[in-house]
Amino acid sequence: MSIVYAAALALLGAAFLMTGARLVRGPSTFDRIMALDVLAVLLVSGIAVHTAVVDETANATVLVVIALMGFVGSVSAAHLAAARAERRERA
Amino acid sequence: MSAAADVVSAVLLLAGAGFCAVGALGMLRFPDLLTRLHAATKPQTIGLLLVLAGLAPRTGSVSSATPLLLVAVFQLITAPVTAQTIAGAAYRSGVVDPATLTLDETGRTT
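Below: a short report on this structure. (Residues numbered from 1 in each chain as written. Chains lettered and ligands numbered in written order. Predicted model: local features only at pLDDT ≥ 70, side-chain atom pairs only at ≥ 80, totals over all residues.)

### Observations concerning the overall build of chain B
Across its full length, chain B holds three helices and zero strands. From first element to last, N terminus to C terminus, chain B shows the α and β order α-α-α. The C-alpha atoms of chain B give 18 Å as radius of gyration, which overshoots the globular expectation for 110 residues (13 Å, by more than 25%). For chain B, the C-alpha atoms occupy an extent of roughly 60 × 25 × 20 Å along the three principal directions. Expressed as a percentage of its 110 residues, the buried residues of chain B come to 44%. Within chain B, contacts between residues separated by at least 24 positions form 61% of all contacts whose residues are at least 6 apart in sequence. (Helix = DSSP H or I, 4+ residues; strand = E, 2+ residues; numbered from the N terminus. Rg over C-alpha atoms; globule rule 2.2 N^0.38 Å. Buried ≥ 20, exposed ≤ 12 C-beta atoms within 10 Å, placed from the backbone. Contact = placed C-beta atoms within 7 Å.)

Shown next as structure tokens:
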């Protein structure tokens, strides 16, 4: 199981780095919001893989919380970014 | 824990992580925001669902696997909402280049 653990974490780590590159490069605010949302999903996947191998079932609640926070965060950030862009357009 | 369940779980975990990696690769490589949103939403959702399916048989009891079902259902509901919100906000902000759209049914003239 440890080989599976290492391989899965390596894949998720690569995904994390690629998403992080998109977060840094942008180019628009919406690309960054999208990247942050994906980072939250990747975090949930990573904790799930860790839980599967280490057998800490208490983590399941943490997964629910992170998924919720990621959703609320990215939706409200998208609304705020759109409002800011519209205000700038009018000015 | 039987060996067969271990193998199924390992395959599901690896497939899920693979989908996440492929989705992130698409997010890095695709040319504009809407195509990147496509890569950000669907492979990540499938990847997360596969990882959770791989984790579920290893938790040992139904009561400890139930939050995982909650996460899966929640992800299925929220991923389209998030993508729709980001895409709509980007369109209204003028970030989306109209020349890249083959069909625009919003009725706006940008």
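Structure's up, so let's keep going.
### Let's talk about the overall build of chain A
When its secondary structure is counted, chain A shows three helices and zero strands. In chain A, the succession of α and β elements from N to C terminus is α-α-α. A compact globule built from 91 residues would reach a C-alpha radius of gyration of about 12 Å, whereas chain A, at 16 Å, exceeds it by more than 25%. Counting only C-alpha atoms, chain A reaches 60 × 25 × 10 Å along its principal axes. Taken over 91 residues, chain A has a buried fraction of 38%. Once local pairs closer than 6 in sequence are excluded, the contacts in chain A between residues at least 24 apart make up 55%.

### Side note on the packing of helix H1 (residues 3-29) of chain B against helix H2 (residues 33-55) of chain B
Residue and element names in this part refer to chain B. Following both chains from N to C, one finds H1 and H2 inclined at 170 degrees, their axes separated by 7 Å at the closest point. Overall, the two elements H1 and H2 adopt an arrangement that is roughly antiparallel. In terms of crossing hand, the pair formed by H1 and H2 is left-handed. Here H1 contributes Ser-9, Leu-12, Leu-13, Ala-15, Gly-16, Ala-17, Phe-19, Cys-20, Val-22, Gly-23, Gly-26 and Met-27 to the contact with H2, which in turn contributes Arg-36, Ala-39, Ala-40, Pro-43, Gln-44, Ile-46, Gly-47, Leu-48, Leu-50, Val-51, Ala-53 and Gly-54. By residue class, the composition of the contact of H1 with H2 is 16 nonpolar, seven polar and one charged. (Axes fitted to C-alpha atoms, helices over the stretch in contact; angles between N-to-C directions. Parallel < 35°, antiparallel > 145°, perpendicular 65-115°, else oblique. Left-handed = near helix turned anticlockwise from the far one by under 90°. Nonpolar A, V, L, I, M, F, W, Y, C, P; charged D, E, K, R; others polar.)

### Regarding helix H2 (residues 29-54) of chain A
For H2(A), spanning 26 residues, the distance from its first C-alpha to its last is 37 Å, which sits close to the expected 38 Å at 1.5 Å a residue. After H2(A) finishes, the residue A:Asp55 shows a positive phi value of roughly 65 degrees. (Expected span 1.5 Å × (residues − 1).)

### Description of the interface of chain A and chain B
Every contact between the two is made by 42 residues of chain A and, on the other side, 44 residues of chain B. Mapped by element, the contributors of at least two residues to the side of chain A that touches chain B are helix H1 (2-25), H2 and helix H3 (59-90) of chain A. Grouping the amino acids of the side of chain A that touches chain B by side-chain chemistry returns 30 nonpolar, eight polar and four charged.

### Describing the nonpolar core
Formed by 56 residues in total, the largest nonpolar core has its most connected members in A:Phe30 and B:Ile86. Looking at this core, the elements that each hand over two or more residues are H1, H2 and H3 of chain A together with H1, H2 and helix H3 (62-92) of chain B. Top element by residues in this core is H2(A). It accounts for 11 residues. Not counting chain neighbours up to four residues away, the residues in contact with B:Ile86 comprise A:Phe30, A:Ile33, A:Met34, A:Ala78 and B:Leu37. (Core = buried A, V, L, I, M, F, W, Y, C linked by C-beta atoms within 7 Å.)

### Thoughts on the environment of A:Ile66
Turning to its location among the elements, A:Ile66 is positioned in helix H3. Contact partners of A:Ile66, with chain neighbours within four places excluded, come to A:Ala40, A:Leu43 and A:Val44.

### Points about the environment of B:Ala40
If you trace the backbone, B:Ala40 turns up in helix H2. A count of 28 C-beta atoms within 10 Å places B:Ala40 in the buried class. Apart from residues no more than four positions distant in its own chain, B:Ala40 is found in contact with A:Met34, A:Val38, B:Gly23 and B:Met27.

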